[in-house]
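Coordinates in review
What follows is each chain in one-letter form.
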Amino acid sequence: MALIHPDGKFRQRWDFVVIVATVVSSVEIPLRITLNYPLKGWLVPYDYVVTLIFLADVVVNFLTQQYDKKKLISDPKVIAGRYLRGWFVVDFLSAVPFDLLFSGVAAAGSNRILRLLRITRLLRLTRLAAFLSKWGRGSSINPAILRMFYLVFWILMTSHFVACLWIYFGSGNAVNTNTDYAPTDNLRNYVRALYWVTTTLTTIGYGDITPVNNRQTVFTMIIQLMGAGMYGFVIGNIANLIANIDIAKSQFRERMEKIETFMRYKAVPPETQDRVREYYNYLWESRRGYDEFSIVNDFPTPLRTEILLFLNRSMIEKVPIFKGATPDFVREIVLNLKPVVFSPSEFVFRKGDIGYNMYFISRGGVEVTSEDGKTIYATLREGNFFGEIALLLSMPRTASIRAIEFTDLYELDKDTFDRVLGRFPDFEKHMRELARQRQEEMQKDKK
Ligand code: CMP
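Conventions used here
Residues numbered from 1 in each chain as written. Predicted model: local features only at pLDDT ≥ 70, side-chain atom pairs only at ≥ 80, totals over all residues. Heavy atoms only, no water. Helix = DSSP H or I, 4+ residues; strand = E, 2+ residues; numbered from the N terminus. Rg over C-alpha atoms; globule rule 2.2 N^0.38 Å. Buried < 20%, exposed > 50% of the residue type's maximum accessible area, 1.4 Å probe, protein only. Contact = heavy atoms within 4.5 Å. Areas by Shrake-Rupley, 256 points an atom, 1.4 Å probe, with all protein chains shown as cover. Lys, Arg positive; Asp, Glu negative; His and termini not counted. Charge placed at Lys NZ, Arg CZ, Asp CG, Glu CD. Pairing = 2+ DSSP bridges. Axes fitted to C-alpha atoms, helices over the stretch in contact; angles between N-to-C directions. Parallel < 35°, antiparallel > 145°, perpendicular 65-115°, else oblique. Left-handed = near helix turned anticlockwise from the far one by under 90°. Near = heavy atom within 4 Å. Polar contact = N/O pair within 3.5 Å; in protein donor to acceptor, adjacent residues only side chain to side chain. Nonpolar A, V, L, I, M, F, W, Y, C, P; charged D, E, K, R; others polar. pLDDT = per-residue confidence, 0-100. Salt bridge = Lys/Arg side-chain N within 4 Å of Asp/Glu carboxyl O. Patch = residues over 30% accessible without salt bridge, like charges linked within 9 Å, V, L, I, M, F, W, Y side chains within 5 Å.

Broken down by element type, the chain carries 21 helices and 10 strands. Relative to the compact-globule value of 22 Å for 447 residues, the chain shows a C-alpha radius of gyration of 34 Å, a clear excess of over 25%. Taken over 447 residues, the chain has a buried fraction of 42%. Relative to all contacts within the chain whose residues are 6 or more apart in sequence, the contacts with residues 24 or more apart total 73%. About 25300 Å² of surface is accessible on the chain, with carbon and sulfur atoms providing 61% of the total. Distance between charge centres in the chain, computed from 56 positive and 46 negative side chains, equals 7 Å.

Structure (structure tokens):
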């Protein structure tokens, strides 16, 4: 028998259908219990559809594979056993259409038990949190926005339940039956109850709607106590969520403010301040202020390799020497690359310096210049590299390198370079050949 994959397309779509049915019936069932309206008109087909969806869900769950410590179970007997011991009871009870089964009894009048049996439909709500969090994990929506959405959703649901309970304890009415409206006016009854909930939960408490019996009075006290706690909790949560909607941005802003204050305090010259600001602007625009190097550095090596190969894939594609290279070679290099950024007309190094690193250009461009920067020997762009001669021949830098614009470079240290040369003779041959050509060209230029 064909089994359903728990993360597959079908299961995702089916989960969506079940979530919609759960939410709709969780809103409708409390109303049906408290306002006690008869199941007729369009409510009949609606109740059939929800019942069918919930029953079908039981079947779908029997056919859905489950994870056991990361491994998928494919034995239908094991799946059924686990489901029967797990959510089956909740799923099955919530699917039983008590109203449809006992419609005759209800009409006879003794429908108190039936009214309460409907609560079983609400059991589904216990699964909702798990469903929603599974959905959240798979989506690309900002987690802070998602949490805000859940918070609002649960506040609305809670308010709805409390409003219904208020009506229930008032024996079917939101306020005293002797007042100005007919008790059968369900909509008005509900809206007034919701109004009572809002004023009580937000601790505003106008007091224009007051309890009419002991049950409602005790309930009011409980909700008042809950309201005080919930109000603080919600306000605190929302402030926190708003601050977290863009953690990167707020952290970056904080860092910028610190730097600005520092520069002012130390009376850094205005032109230098401008350059610092431009540099940080570029960092924000090019990488949202994230320092990939320090983030990735905490990862264990296999994960770090995987994510670095992914992050640097465009650079690897651009650099011709990486194109035909073995995966081993690429991995060795990528694991040891360190991203650095240079501002326009900044020198990466100068002629005569001792060389500790070579560089790959991932974005932007540099000029190979004489020591004073006046003569330009060559311009190197994305995908090219420089600084290999000093490392290969253990000699001082043969030229100066100046960034033309904001330039993203990847730095490879001498130790890794030497190690890679030893392990990959083709790479060494290629490097030596290029170094020779470049030196010759420079000699020619000088003459
Ligand atoms: P290195 O001597 O370590 O530092 C300066 C670098 O400039 C050098 O390594 C080469 O990578 C690079 N370079 C020198 N001459 C040329 C050239 N003619 N064309 C391109 N790059 C060069």
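Moving on to the sheet that holds strand 9 (residues 400-403). The strands making up a sheet associate through hydrogen bonds between their backbones, and the pairing can be parallel or antiparallel. Spatial strand order, 4-9-6-7: four strands in an open sheet with antiparallel pairing. Edge positions in the sheet fall to strand 4 (347-349) and strand 7 (376-381), since each has one partner strand and no second. Direction aside, the axes of adjacent strands within the sheet are offset by 30° on average. Here two bridges tie strand 4 to strand 9, and the two strands are oriented antiparallel to one another. Across the sheet, Phe347 pairs through a bridge with Arg402, a residue of strand 9.

Our next topic: the pairing of strand 10 (residues 407-413). Counted residue by residue, strand 10 has six buried out of seven residues, so it is predominantly covered. Inspection of the sheet shows strand 3 (residues 337-342) paired to strand 10 by six bridges, in the antiparallel sense. Bridge pairing in strand 10 links Val340 to Leu409. Summarising the sheet, strand 5 (residues 357-363) and strand 10 pair through six bridges and their orientation is antiparallel. Each residue of the ladder has a partner; that of Met358, found in strand 10, is Leu412.

Right, let's get into the packing of helix 1 (residues 9-35) against helix 9 (residues 143-169). For the pair helix 1 and helix 9, interaxial distance at closest approach is 8 Å and the crossing angle is 15°. Classified by the angle their axes make, helix 1 and helix 9 are roughly parallel. Crossing of helix 1 over helix 9 shows left-handed handedness. Contacts between helix 1 and helix 9 involve Val23, Ser26, Val27, Pro30, Leu31, Ile33, Thr34 and Leu35 from the first element and Phe153, Met157, His160, Phe161, Cys164, Ile167 and Tyr168 from the second.

Here we come to the site of the ligand. Residues in contact with the ligand amount to 16 residues; listed here are only the nearest, Gly387, Glu388, Ala390, Arg397 and Thr398. Side-chain polar atom of Glu441 to a nitrogen atom of the ligand: 3.3 Å apart, as the coordinates give it. For the ligand, whose accessible area on its own is 450 Å², the fraction buried by protein is 98%. Secondary-structure elements contributing two or more residues to the shell around the ligand are strand 7, helix 19 (388-393) and helix 21 (425-446). Considering only residue class, the shell around the ligand consists of 10 nonpolar, two polar and four charged.

Here we take up the confidence of the model for the chain. The share of residues in the chain with pLDDT of 70 or more is 94%, and the mean pLDDT across the chain is 87. Segment residues 177-182: pLDDT under 50, and six contacts once partners within four positions in sequence are set aside and those in other chains are kept.

Attention shifts here to unusual backbone geometry. Located in the positive-phi region is Thr203, a residue other than glycine, with phi close to 65°. A positive phi angle is found at Ala267, which is not glycine, with a value near 50°. Looking at Ala267, the relative accessible area reads 59%, which means it is exposed.

This part takes up the pattern of salt bridges. Summed over all chains, the structure comprises 26 salt bridges. The salt bridge partner of Asp91 is Arg127, with a shortest N-O separation of 2.4 Å. With Asp91 in helix 4 (residues 88-95) and Arg127 in helix 8 (residues 125-138), this pair connects stretches of sequence that are 36 residues apart. Look at Asp91 and you get buried, because its relative accessible area is 0%. For Arg127, a relative accessible area of 13% puts it in the buried group. Residue Glu440 pairs with Arg436 through a salt bridge whose shortest N-O separation is 2.8 Å. Pair noted here: Glu440 and Arg436 are both in helix 21, with a separation of four residues, about one helical turn. We classify Glu440 as partly exposed; its relative accessible area is 43%. With relative accessibility at 39%, the residue Arg436 sits in the partly exposed group. Salt bridges linked by common partners bring Arg11, Asp15, Asp57, Asp91, Arg124 and Arg127 together as one network.

What follows is about a nonpolar patch on the surface. On the surface, a nonpolar cluster with roughly 480 Å² of combined accessible area is contributed by Leu52, Leu55, Val89, Phe92, Leu93 and Leu123. Counting residues per element, the ones that place at least two in the nonpolar patch are helix 2 (43-63) and helix 4. At three residues, the largest contribution of residues to the nonpolar patch is made by helix 4. Looking at where Val89 falls in the secondary structure, it is placed in helix 4.

What follows covers the packing of helix 2 against helix 3 (residues 76-85). For the pair helix 2 and helix 3, the least separation of the axes is 8 Å and the interaxial angle reads 130°. Considered as vectors, helix 2 and helix 3 are oriented oblique to each other. Of the residues in helix 3, those in contact with Asp57, Val58, Asn61 and Phe62 of helix 2 are Ile79, Ala80, Tyr83 and Leu84. Partitioned by chemical class, the residues of the contact of helix 2 with helix 3 number six nonpolar, one polar and one charged.

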